[in-house]
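Chain residues, written in single-letter form:
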Amino acid sequence: MTLVLFGLFFLFMLLGVPIAFAIGASTLYALHQSGVPLMVVTQQMFQGINSFALVAVPMFILAGDLMAQGRVSEKLVNFADALVGFMRGGLSVVSVMAGMFFAAISGSGAATTAAVGSSLVPELKRKGYEPASAASLIAASGTIGVVIPPSVPMIIYAVIAQQSVSKLFLNGFIPGVAMGLGLMAIAIVQAYRRQYPHGTALSLATIWRTLKDASWGLMTPVIILGGIFSGIFTPSEAAVVAVNYALLVSLFVYRDLTPKAVYHVLIRSAITTSVIMLVIAMSAVLSWTLSSWQVPGAIAQSVLSLSTNPFVIMLLVVGVILLTGVFIETASALIILTPVLLPLVLQLGIDPIHFGLIIVMGLAIGMITPPVAINLYVASSVTQLPLERITRAIIPYLLGLIGVLLLVVYVPMLLGWSGG
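Residues numbered from 1 in each chain as written. Predicted model: local features only at pLDDT ≥ 70, side-chain atom pairs only at ≥ 80, totals over all residues. Heavy atoms only, no water.

**Q** What exactly am I supposed to notice about the overall build of the protein here?
**A** Counting secondary structure elements, the protein contains 20 helices and 0 strands. A compact globule built from 420 residues would reach a C-alpha radius of gyration of about 22 Å, and the protein, at 21 Å, matches this within 12%. For the protein, the spread of C-alpha atoms along the three principal axes comes to 70 × 45 × 40 Å. Here the protein holds 420 residues, and 54% of them are scored as buried. Of the contacts made within the protein by residues no fewer than 6 positions apart, 79% connect residues no fewer than 24 positions apart. With an accessible surface of roughly 17,300 Å², the protein has 69% of that area assigned to carbon and sulfur atoms. For the protein, the separation between the mean place of its 16 positive charges and that of its 11 negative charges on side chains is 8 Å. (Helix = DSSP H or I, 4+ residues; strand = E, 2+ residues; numbered from the N terminus. Rg over C-alpha atoms; globule rule 2.2 N^0.38 Å. Buried < 20%, exposed > 50% of the residue type's maximum accessible area, 1.4 Å probe, protein only. Contact = heavy atoms within 4.5 Å. Areas by Shrake-Rupley, 256 points an atom, 1.4 Å probe, with all protein chains shown as cover. Lys, Arg positive; Asp, Glu negative; His and termini not counted. Charge placed at Lys NZ, Arg CZ, Asp CG, Glu CD.)

Next up, the structure:
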């Protein structure tokens, strides 16, 4: 019956059925054929979203949308330009640094890509940067949005794996920064190869002016993460604080959002949240079904029978994560893979917090691997470039991010892993 379940799931995916309904329909049919009372479906759907930690998901989405809609992203880009724009191909490095700054605010890869792209694309075109390469770099930088905390996928993983959101956030900083440094290194090499121009001249006065302008946005992660790590509030409460702070800055400090614009942001965020929550609810039924049939344990034993070498097994695990990210969007893949792979990595002695970073980073890379590559679609929309051109240009950045992921898997001490 497990084969029937997965067979139906992939069939629905090939037919273009939305992921939530593909999961729900295939699981419902398998449970019905197994004689399980279908009351279980509604019970597990409710149980799957009945978590206080998940309150943070819609709030962080809303906070990120509010910041992206206003002038916060523009001011962060200006500050990044003042810091590193003097280098050859400085705007490429600015793209990555601005992505890292906004990642510490939004918790969303798509929001990070849209915010940085809309602010930088016109200037990149004006300075003569290769359009597809610039767009692909912005899309690749967007992957950092779900690794540097706050991170919506980390919250989802924490709920499924019953781990601490705060510990995941604490350990997400250095891997996220490592991703950014890797992208910067590739961007600098390409800048010298293509003879991109130098950018804004280095000036302490400009740095100080842009820092003051961007300070309200830069204070967002300080307030959110400082409050969490100091114990003043929980991650869920921090998300609500982030929304209130974003409203305060956008409406009364920068005054770049009107009440009507806030209303439209609320609607857009509610739609995004409803999609994620429906996926979580449906996936909870699938996870319960697989656990009831002891599928995760069987998969773990099957993989362990292939090799006793933990390096080889972790390479297989990373391959599964990356391949899944190609075809399934991040939240869905996270909910499907975590119950299956977590028992396996625990048998290898991998800390569940460490594995949480691995799976979030791996699925973040899926945001730039077609066909389900939301960051590429956003970059294509912002730049008005065909998806095919951006996809070809993304390859160097994709390989760089995979290299950083393998470092996190095999040499976590280099990235400051502090343990769970």
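**Q** What is the right way to look at the pattern of salt bridges in this model?
**A** Where charged atoms of side chains with opposite charge meet at close range, the side chains can pair. This model, assessed by the stated rule, comprises 1 salt bridge. Across the pair Glu130 and Arg389 runs a salt bridge, and its minimum N-O distance is 3.4 Å. With Glu130 in the loop between helix 7 (109-126) and helix 8 (131-142) and Arg389 in helix 19 (residues 387-393), the pair connects residues that are 259 residues apart, well separated along the chain. (Salt bridge = Lys/Arg side-chain N within 4 Å of Asp/Glu carboxyl O.)

**Q** Any chance you could explain the UniProt feature "transmembrane region" (unreviewed entry) in the protein here in plain terms?
**A** Using the residue numbers shown here, the UniProt feature "transmembrane region" (unreviewed entry) corresponds to residues 46-64, 134-160, 172-192, 238-254, 266-291, 311-342, 354-374 and 394-417. Regarding residues 172-192, the helix share stands at 100% and the strand share at 0%, and the terminal C-alpha atoms are separated by 31 Å. (UniProt positions renumbered as here; feature names shortened; annotations may be inferred.)

**Q** How do you make sense of the packing of aromatic side chains when you look at a structure like this?
**A** The relative placement of two aromatic rings is captured by the distance of their centres and the angle of their planes. This structure, assessed with the given rule, holds 7 aromatic pairs. Judged by centre distance (6.3 Å) and plane angle (65°), the rings of Tyr157 and Phe355 are edge-to-face. Remark: Phe355 occurs in helix 17 (residues 352-365) and Tyr157 occurs in helix 9 (residues 152-161); sequence separation between them is 198 residues. Like Phe355, Tyr157 is buried. (Phe/Tyr/Trp six-rings, centres within 6.5 Å; stacked < 30°, edge-to-face > 60°.)

**Q** Quick question: what am I supposed to make of the nonpolar core here?
**A** Note that soluble globular proteins tend to have their nonpolar side chains buried in a common cluster. Judged by nonpolar contacts, the single largest core of 142 residues is most densely connected at Phe60, Val317, Ile321, Phe355 and Ile359. The element that contributes the greatest number of residues to this core is helix 6 (residues 90-106), accounting for 12 residues. Not counting the four nearest positions on each side in its chain, Ile359 is found in contact with Tyr157, Ile321, Leu334, Leu337 and Thr338. (Core = buried A, V, L, I, M, F, W, Y, C linked by side-chain atoms within 4.5 Å.)

**Q** So what exactly am I meant to see when it comes to unusual backbone geometry here?
**A** Phi is mostly negative for residues that are not glycine, and the peptide bonds are mostly trans. A cis amide bond, omega 0°, links Pro149 with the succeeding residue Pro150. Within the element layout of this structure, Pro150 appears in the loop between helix 8 and helix 9. Residue Gln162 is not a glycine yet carries a positive backbone phi of 55°. Positive phi is not limited to glycine here, since Gln384 has a value of about 60°. Along the chain, Gln384 turns up in the loop between helix 18 (374-383) and helix 19.

**Q** Would you mind showing me how to read helix 20 (residues 395-410) here?
**A** In this model, helix 20 (16 residues) spans 23 Å end to end at C-alpha, consistent with the 22 Å of a helix rising 1.5 Å per residue. Here the buried face of helix 20 lies against helix 8, helix 10 (165-194), helix 15 (310-327), helix 17 and helix 19. (Expected span 1.5 Å × (residues − 1).)

**Q** Can you walk me through helix 13 (residues 259-292) in this structure?
**A** One full turn of an α-helix is made of 3.6 residues, so residues set three or four places apart face in the same direction. Along its 34 residues, helix 13 runs 49 Å from first to last C-alpha, staying within 8% of the 50 Å computed at 1.5 Å per residue. Within two residues after helix 13, Gln294 carries a phi angle of roughly 55°, on the positive side.

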